[in-house]
2 protein chains.
Amino acid sequence: MRKTLRDVAEKTGVSIAVASRVLGNYGSVSSETRRKVLKEAKSIGYQPDIIARSMKTRRTHSLGVIISDITTFFFTSVVRGIEDVTSQNSYNVTLCNSDEDADKENSYLKELYQRKIDGLIISPTGENNSYLKKLIRAGLPVVLVDRRVSELQTTEVAVDNETGAWEAVKHLISLGHRRIGIVNGLSGIRTNEERFSGYKRALAEQGIPFDPGLVKYGDFRMEKGRQATQEFLNMRDRPTAMFVANEPMTTGALLALGENKTKIPEEMAILGFDDPVWAPLLNPPLTTVRQPSYSIGTIAAQVLLQKIRKVGRGRSLHEEIVLKPKLMIRESCGEETSTRRTTD
Amino acid sequence: MRKTLRDVAEKTGVSIAVASRVLGNYGSVSSETRRKVLKEAKSIGYQPDIIARSMKTRRTHSLGVIISDITTFFFTSVVRGIEDVTSQNSYNVTLCNSDEDADKENSYLKELYQRKIDGLIISPTGENNSYLKKLIRAGLPVVLVDRRVSELQTTEVAVDNETGAWEAVKHLISLGHRRIGIVNGLSGIRTNEERFSGYKRALAEQGIPFDPGLVKYGDFRMEKGRQATQEFLNMRDRPTAMFVANEPMTTGALLALGENKTKIPEEMAILGFDDPVWAPLLNPPLTTVRQPSYSIGTIAAQVLLQKIRKVGRGRSLHEEIVLKPKLMIRESCGEETSTRRTTD
DNA sequence: TTGTAGGCGTTATCAA
DNA sequence: TTGATAACGCCTACAA
């Protein structure tokens, strides 16, 4: 049988209120009774019932985390960051995978809200934010990670995607590439639009005309990366380099390149967004745009805990925390000195 | 303001009890009142308070998951499997990383228990199981993943590690390798001992004497894999092949091999336990022992849900579910036909 | 310093 | 079919 405060109180011969005070460490009790209660609690193995406590205090000390898929390098690492800071602050984390599905997202949202989480970290799918918006307005502390949604009045933590992509493509151009393909992620998601726009800006600045034939629309998943790459390879006038908008699609692209025995970077240069541990292991090592994913997690969690502490006082405001991505130049895009064949 | 049952009841003009029945979908109510209550509940946006419900029903519909580190390919994939089945059954998952630290594990255990989780999936650290044992005896439904602990009276889901390692090393031997190094994981953990024993059995069966100089003791983490590999490379009489007991250490090993520009497999063959997505992307593609990690997760979750449903009736028994690992032969160990230099 | 008692939002028993 | 009412375990005025 589970022990309750009542058990402790009875055994010690005091009231429940007194027992509650010493175990909850508040109010005033004589040091003598305190000692006795503590001793008895320990001896019968009393453990507070957090559910019952939450009922009274209206705080659960638990947070919801909704991401698209824990299976991708980026989110794994974000979640690890979150968990590290929450565990230090004795909050715990309920993990949910939305798979980019707005319905799934909404049903998790509802579930978490009913469970009275104290706060939420989410990488929203982007379609149909109305429920999320409602929760924010209702006062639920929320932090967005990876994806900005400007109409949401809350804090977002993400990398400067536009600059990241821009630097990447500029790098490609500096190595002599002119026909540069892009494998986009899910359109409609700001993160992706930003990366796309960085790509276009880099081209424009270098006077390279934008060619719609060089853009493939993916979905952030591996399979689409593979397909898109296969399509590039099948073109009569194929790109000499490709920029891929995230890690799973980059994996797919590399798979396709491997299947076609395409030489990297001679026959196709490749640069991926996200820098998984295995990037340096490839041959040639993969050039990438690194996001400080672990930090995105820790920062998001810290910010969320702050918001939770001052909940009630003041409206939630739109606020952006933007981190810098870093171009990790390795060898998958070719050498500075190499000359590129041009097609005209 | 949050709406409660009471609000619904008042607005509808019925008692709380009736409202509870229709919203909780039990007991009997006339279809007329049911309709009215439902309508009213919807119109004011009533959502049940799961905390309050748990308080009464003594079930939280939430599960704890404790693994060493979500950041490793194996556990990421296990967790994804778990989450997929739990979400279908409207259970949710609290994720905890123990980092192989028994204290951290125990404090999570305590925390989860206080939160009254309905069940637990854990990959235990191995030292100091007494608290976990106590929880199992107290009736908490528990399923062990990846790691067997025979003295715990509960279900375990894991791969046949001994056979996996045995096949791996046999493969190495069949390719002509005689000096085969091993990078072990944390000693004391059954999973690791099993892999080690498979290694030794393969050697013994082929009449190759066991050489303690060829075994390195790691900790399942990347850095130790790198160190161990460096040490192998520094030996005057270095192994021609190495078997690495998990994915992060394999990553470390590959890093070290890369830093030393060691040719794979000519100068060093390598075979790793765990088959991350990127294994086929390497050059040469990495030969591995694949564990059905996603299935380990789904099975563990299914078994746990079953146990939860029949909690109370019957003691928890020790039960093992063992899955088959699969040798994924690629090219990092050399060719069938190659001859190996021997050192004697 | 201590104890009494009400309430958090549900569920569930028992009469009506 | 309905409605009071008592829990669930804890916190917290308020009174003693």
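Being a predicted model, the structure only gives us computed values, none of them experimental.

Basis of the calculations
Residues numbered from 1 in each chain as written. Chains lettered and ligands numbered in written order. Predicted model: local features only at pLDDT ≥ 70, side-chain atom pairs only at ≥ 80, totals over all residues. Heavy atoms only, no water. Domains from an automatic or database assignment. Contact = heavy atoms within 4.5 Å. Buried area = accessible area lost by both parts, 1.4 Å probe. Salt bridge = Lys/Arg side-chain N within 4 Å of Asp/Glu carboxyl O. Polar contact = N/O pair within 3.5 Å; in protein donor to acceptor, adjacent residues only side chain to side chain. Near = heavy atom within 4 Å. Least-squares fit on C-alpha atoms with pLDDT ≥ 70 in both. Helix = DSSP H or I, 4+ residues; strand = E, 2+ residues; numbered from the N terminus. Pairing = 2+ DSSP bridges. Axes fitted to C-alpha atoms, helices over the stretch in contact; angles between N-to-C directions.

Brief notes about the domain arrangement of chain A
All names here are of chain A. Per the domain assignment, the segments making up chain A are domain 1 (5-48), domain 2 (59-159 + 293-323) and domain 3 (161-290 + 326-340). Each partner contributes residues to the interface: domain 2 has 12 residues there, and domain 3 has 16 residues. The junction of domain 2 with domain 3 conceals about 1100 Å² of combined surface from both sides, 50% of it contributed by carbon and sulfur atoms. Area buried by domain 2 at its contact with domain 3 is led by Phe 73, Arg 148 and Val 159, which between them contribute 46% of it. Counting every contact that joins domain 2 to domain 3 gives two salt bridges. The partner of Arg 195 in a salt bridge is Asp 146, with the nearest N and O atoms 4.0 Å apart. In this structure, the connection of domain 2 to domain 3 is made through five residue pairs in polar contact (both at pLDDT 80 or more).

Some points on the protein's contact with DNA strand C
If you check the shell around DNA strand C, you find 27 residues, and the closest are A:Arg21, A:Ser28, B:Leu5, B:Tyr46 and B:Arg53. The protein-proximal atoms of DNA strand C, defined as those within 4 Å of the protein, are 56% sugar or phosphate. Here a phosphate oxygen of DNA strand C and a side-chain polar atom of A:Thr33 are 3.0 Å apart. Taking B:Tyr46, its side chain carries an N or O atom lying 2.8 Å from a phosphate oxygen of DNA strand C.

Brief notes about the relation of the copies chain B and chain A
When chain B is brought onto chain A, the operation consists of a screw motion whose angular component is 180° and whose axial shift is 0.0 Å, with 0.1 Å RMSD remaining. Taken together, these values place the two copies in the relation of a two-fold axis. Considering only C-alpha atoms, the part of chain B nearest the rotation axis is B:Thr94, at 2.2 Å. Most of the interface of chain B is mirrored in chain A: 100% of its interface residues are interface residues there too.

Here's the deal with the protein's contact with DNA strand D
DNA strand D sits among 25 residues. The nearest are A:Leu5, A:Tyr26, B:Arg21, B:Ser28 and B:Lys56. Near the protein, meaning within 4 Å, the atoms of DNA strand D are sugar or phosphate in a fraction of 57%, with bases accounting for the rest. A distance of 3.5 Å separates a base nitrogen of DNA strand D from a polar atom in the backbone of A:Ala52. Taking B:Ser30, its main chain carries an N or O atom lying 3.2 Å from a phosphate oxygen of DNA strand D. Only α2 (16-24) and α4 (50-57) of chain A together with α2 (16-24) and α4 (50-57) of chain B provide two or more residues apiece to the surface near DNA strand D. If you tally residues by element for the surface near DNA strand D, the top one is α4(A), at four residues.

Here's the deal with the sheet that holds strand β6 (residues 180-184) of chain B
Residues and elements named next belong to chain B. Taken together, six strands build an open sheet; the order of strands is β7-β6-β8-β9-β10-β12 and the sheet is mixed. On the outer flanks of this sheet lie β7 (215-217) and β12 (326-328), each paired with one strand and no other. On average, each strand axis in the sheet is inclined to that of its neighbour by 15°, with strand direction left out of account. Note: β6 against strand β8 (residues 241-244), four bridges, orientation parallel. Looking at β8, one finds that Ile 182 is bridged to Phe 243. Strand contacts of helix α9 (residues 190-205): β6, β7, β8 and β9 (269-273), with the helix running at about 170° to β6, the strand carrying the most contacts. In the packing of helix α10 (residues 222-234) onto the sheet, contacts are made with β6, β7 and β8, and the angle to β6 comes to roughly 155°.

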